[in-house]
Amino acid sequence: MKLLTPVRIGTMELKNRVVMPAMHLGYCQAGQVSEKLVEFYRARARGGVGLVMVGGCAIDEHGYGSMIQISDDKFLPGLTKLTQAVHEEGGKIAAQLFQPGRYSYSFLFGVQPVAPSELPSKLTRQMPRALTVEEVKQMVVTFAKAAARAKQVGFDAVEAIGSAGYLISQFLSSVTNLRDDEYGGGDMERRMRFGLEVARAIRQAVGPDYPVLFRVGGNDFMPGGNTNKEIAEFCRRLEAEGVDAFNVTGGWHETTVPQITMAAPRGAFTYLARGIREAVSVPVIACNRINNPELAEQILAEDSADMVGMARAMIADPALVNKTAAGRTGEIRKCIGCNQGCLDAVFTMKPVGCLVNPLAGRETEIKLQPAAQAKNVLVIGGGPGGLEAACMAAERGHRVTLWEKSPRLGGQLNLASVPPGREEFNTVIDYYGNALNRLGVQVELGKEADLESVKAFGAGAVVLATGAAPIVPPVEGVDGPNVVQAWDVLAGRAVTGKRVAIIGGGAVGCETAVLLAQKGTIDAQTLHFLALNNAEDWETLKQLATRGVKEVTVVEMQKTAGADIGSSSRWVILQEMKRYGVKVIAKAKALRITAEGVLLEAGGEEKLLEADTVVLAVGSRPVKDFAEKVKEQLPAAYLVGDAVTPKKALDAIYQGFLAACEI
Ligand code: SF4
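Here is a short report on the structure shown in this document. Everything numeric in this text was worked out from a predicted model, so none of it was measured.

With that out of the way, let us pick up the packing of aromatic side chains. Evaluation of the coordinates by the stated rule reveals 12 aromatic pairs. For the pair F143 and F194, a centre-to-centre distance of 6.3 Å together with 70 degrees between the ring planes defines the contact as edge-to-face. Linking F143 in helix 4 (residues 133-152) with F194 in helix 6 (residues 188-206), this pair joins segments that are 51 residues apart in sequence. Each member of the pair, F143 as well as F194, carries the same accessibility label: buried. Measuring from ring centre to ring centre gives 5.5 Å for F221 and F269, while their planes differ by 45 degrees; the resulting arrangement is tilted. One end of the pair, F221, is in the loop between strand 10 (212-217) and helix 7 (228-240); the other, F269, is in the loop between strand 11 (245-249) and helix 8 (270-277), and 48 residues separate them in sequence. Assigned by exposure class, F221 and F269 land together as buried. An aromatic cluster is present here, built from F143, F171, Y183 and F194 joined pairwise through their rings. The ring of F40 is capped by R44, whose NZ or CZ atom sits 3.8 Å from the centre of that ring.

Structure below.
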């Protein structure tokens, strides 16, 4: 595979073409490298990745809490430990030099954000202070000093971040750079100056032979911002300043184009890397939603890039490269782009974890050990918690049997994968299916457990992952023929009419709304066909792609829909609902369901929401009566997942994992 062949960035030889791009992890305290951070990256280096890029590493007092700092010599001992750990595992490590500009928050460090111009971002809504010319020149020096520190502590390369809407890209864009001095204005040459000076100063600070990379957004995806064409020109100029490689991502954090949620197709932004590659002669790294070696290989084979960036893919499975090299790709835990454990944690200032890999970020806390004594373990329930428990128990040497009462594995993952753009939840089920097979777990589908059968089985330990059931709210008319559960809609068991009222605007309600509202829109293939043949104009195509045959309304008691969806995905789902024409009635209560629809109380008034079908999406309750009886009678019984409290798949998998580690 080309993916596993060596490649050079300047003077640095990498053993393969897989780069783990920088990602905020939230593992540091007061900017100092922690043991948690060191062991996290050690595991990735041990897993064979060619280059790990760590950071962002804040070059000054602006940034985010718990991020790595390289702004002062006091951080050097910790950074040295980090580079040593990666080198001990035979890996290469680079530092990403980070200055957020107007994306910084003053409440974190007590410093007003700085920017080319005084324009607040949609992201932070904070007014930044415009840098003076003197301060811009000083900022260039600050980048250079940080680069010198990186070299001093043993990083094999540095990367300046000029993407995502951070300081360098703010200077580059006419949207955020309204200056009329030598660093800005309508002239691209002047807007490029800051970035070019940063590259020049870094090169001078680290010398001619030290590898320097630049992270760029292949297209800002901002109205009036830079496109691939302008960024390619910027890269061409950066190459002349001595930049050795370009790491190409997508748009700004403020863009309305989803960058890394499941809604973005895998490898969707590879064309941006290709555009940069056509303009420069140094290596280019393609990024975003590349989560498996087959896709990575395809990108390299078609010469769209020289390397691939796999950040979350490497959180999900640190051994991705080694497994690929050993021909064990079926054993890779693939990142599904859910963001439940990683980006949603970043936005709530918690340390990063992973839905599909409960060990991610816990390398110092949990050491996997073979079981002291092999037992017969019975797992009841084949949803995410039960699947993880069964696999991990078998991995540790137990003899495991899994009973699932339905004809298929996956539990609620099967429902989660139904709405458009959420298909990747199926990947998790596929992974566990392979793992159960490989680990010799006895799987019995269509097997309902009762107390007698569990006792008769004679297990040394039982894991009870009996899941949850949808709640039926105490609303008059809820048992009418026009009322169905969202779970049944998602499972394809319920038919809905033209006008649909969904009671409950949480994750399930919103995703069911998107699924229904999208019915009758043209599919991707038809869209492609019509576009290619100029059959319709763009406005008509957009209409055909977003206007379905149903009228869908979501009724939510809280002031906004989607409150339980992680913030990295919430805006994407709400945006989809809006585009598909879903109406939301917030702060409303369902009083009664009739043959005409739902009688609501909203804003102190009662009104009828006319509907042919009423869909219930008001949450779920644990299914644990039987499980609690088992627990009373069998001391070695573990209750996990939704059977404890309905939460996210992230929580269910982690609980299943913990139970299996205890047995
Ligand atoms: Fe990928 Fe989800 Fe894991 Fe994040 S939490 S690394 S998106 S699988």
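Turning to helix 2 (residues 76-88), a few remarks are in order. Compared with the 18 Å implied by 1.5 Å per residue over 13 residues, the 18 Å span of helix 2 between its first and last C-alpha is a close match. Taken as a whole, helix 2 has its buried residues at L76, G78, L79, L82, T83, A85 and V86. Where helix 2 is buried, its residues touch helix 1 (35-46), strand 4 (51-58), strand 5 (68-69), strand 6 (92-98) and helix 4. Phi turns positive, to about 80 degrees, at G90, one or two residues after helix 2.

Here M67 lies in the loop between strand 4 and strand 5. Look at M67 and you get buried, because its relative accessible area is 3%. Residues M67 and A30 lie 37 residues apart in sequence; the distance between their C-alpha atoms is 7.9 Å. Apart from the residues within four sequence positions on either side, M67 is in contact with H24, C28, G31, G56, A58 and F98.

On to the site of the ligand. As a structural note, the neighbourhood of the ligand is formed by R312, C335, I336, G337, C338, N339, G341, C342, C354, L355 and V356. When atom positions are compared with the pocket grids, the ligand is found to occupy the largest cavity. A per-class count over the shell around the ligand returns seven nonpolar, three polar and one charged.

Rules used throughout
Residues numbered from 1 in each chain as written. Predicted model: local features only at pLDDT ≥ 70, side-chain atom pairs only at ≥ 80, totals over all residues. Heavy atoms only, no water. Phe/Tyr/Trp six-rings, centres within 6.5 Å; stacked < 30°, edge-to-face > 60°. Helix = DSSP H or I, 4+ residues; strand = E, 2+ residues; numbered from the N terminus. Buried < 20%, exposed > 50% of the residue type's maximum accessible area, 1.4 Å probe, protein only. Lys NZ or Arg CZ within 6 Å of the ring centre and 35° of its normal. Expected span 1.5 Å × (residues − 1). Contact = heavy atoms within 4.5 Å. Near = heavy atom within 4 Å. 1 Å grid on protein atoms, 1.4 Å probe; cavity = no way out; pocket = protein on both sides within 12 Å on 5 of 7 lines; lining within 4 Å. Sits in = over half its atoms within 2 Å of the grid points. Nonpolar A, V, L, I, M, F, W, Y, C, P; charged D, E, K, R; others polar.

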